[in-house]
Structure formats: C-alpha cells, structure tokens
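Per-entry structural report
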Amino acid sequence: MPHIVLEKANNVQECFDTIELDAHKIEDGILKITDKYISGRGTSALIECVVVENGKPQNFFVQLSSKENAVTVRLFPLTDPEKTKGVKTLIGIIVDTIKKSNENITYGKNNLQDFIIE
C-alpha cells in the first residue's frame, strides 16, 4: 500500500489544516482533492480524492494518522484504487503541501520515492 511517513510532524490536525481542495491538470487527466474530514479527537483524517486518467475516474481516500512524533500518509485501505501514476502523484502532492508548511518535517519510511516532490 503506498505510504509516506512524515517525521517530526506535530500532529494530524496541523497537517489536515494545510490541505486545500484543489485540482491539478496532468497530461492525460486530472487530480482532484474534493473534500476532507477529521476525527473528533484529531488523531486521524481522510482526504477525499478523484483521479481521472485516460478517461477512467477513480474515487478514493488518503488517510492521515498519527504515530508518536510522525504522521503517516497512505491510501485508505477500504477505498483501494488501482495504484496508477496519477494516484501516487496526488499522494506526493498532498505530502509536499504538508511538508512545506513545517520546515522541521522530514520524509521517513516510504514506498513512493519516485513521487516525492523535492
């Protein structure tokens, strides 16, 4: 399952607050963040996404969850989309947005190295 750990991220709420509803045009489609939801305790969040590539839409959630001094960003397992370039790119965009909001955040364990925006 695609994921990236953000080391030294303060908490899910702070990360959640940086995400904005947005759309990104790509060569063969579009990447959209359509909505976002956070738990009452602020320990987990879901980012609702749509990726359209070559005319094929996929709806899914990206999950933010806290673990000690880190926040994990990953595909929410119950909405298991095909792991296309567009899906992975949108996760990279979400992570980049969060990282830019806090200069202390570093990339930790991940399996999306090719999709991390530096």
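Details of the structure are given in the entry above.
Below is a summary of the structure that appears in this document. (Residues numbered from 1 in each chain as written. Predicted model: local features only at pLDDT ≥ 70, side-chain atom pairs only at ≥ 80, totals over all residues. Heavy atoms only, no water.)

Across all of its chains, the model carries 3 salt bridges by this definition. In this structure, E82 engages K56 in a salt bridge whose closest nitrogen and oxygen atoms are separated by 2.8 Å. Of the two residues, E82 sits in the loop between β6 (70-75) and α2 (85-100) while K56 sits in strand β5 (residues 56-67), which places them 26 residues apart along the sequence. Judged by its relative accessible area of 46%, E82 is partly exposed. With a relative accessible area of 46%, K56 lands in the partly exposed category. A salt bridge links D80 to K83; the nearest nitrogen and oxygen atoms lie 2.2 Å apart. (Salt bridge = Lys/Arg side-chain N within 4 Å of Asp/Glu carboxyl O. Helix = DSSP H or I, 4+ residues; strand = E, 2+ residues; numbered from the N terminus. Buried < 20%, exposed > 50% of the residue type's maximum accessible area, 1.4 Å probe, protein only.)

Counting across every chain of the model gives 2 aromatic pairs. Seen from their ring centres, F61 and F76 are 6.5 Å apart, and the 90° between their planes marks the pair as edge-to-face. Remark: F76 occurs in the loop between β6 and α2 and F61 occurs in strand β5; sequence separation between them is 15 residues. Taken together, the ring pairs connect Y37, F61 and F76 into an aromatic cluster. Positioned above the aromatic ring of F16, the side-chain terminus of K36 is 4.5 Å from the ring centre. Positioned above the aromatic ring of Y107, the side-chain terminus of K99 is 5.3 Å from the ring centre. (Phe/Tyr/Trp six-rings, centres within 6.5 Å; stacked < 30°, edge-to-face > 60°. Lys NZ or Arg CZ within 6 Å of the ring centre and 35° of its normal.)

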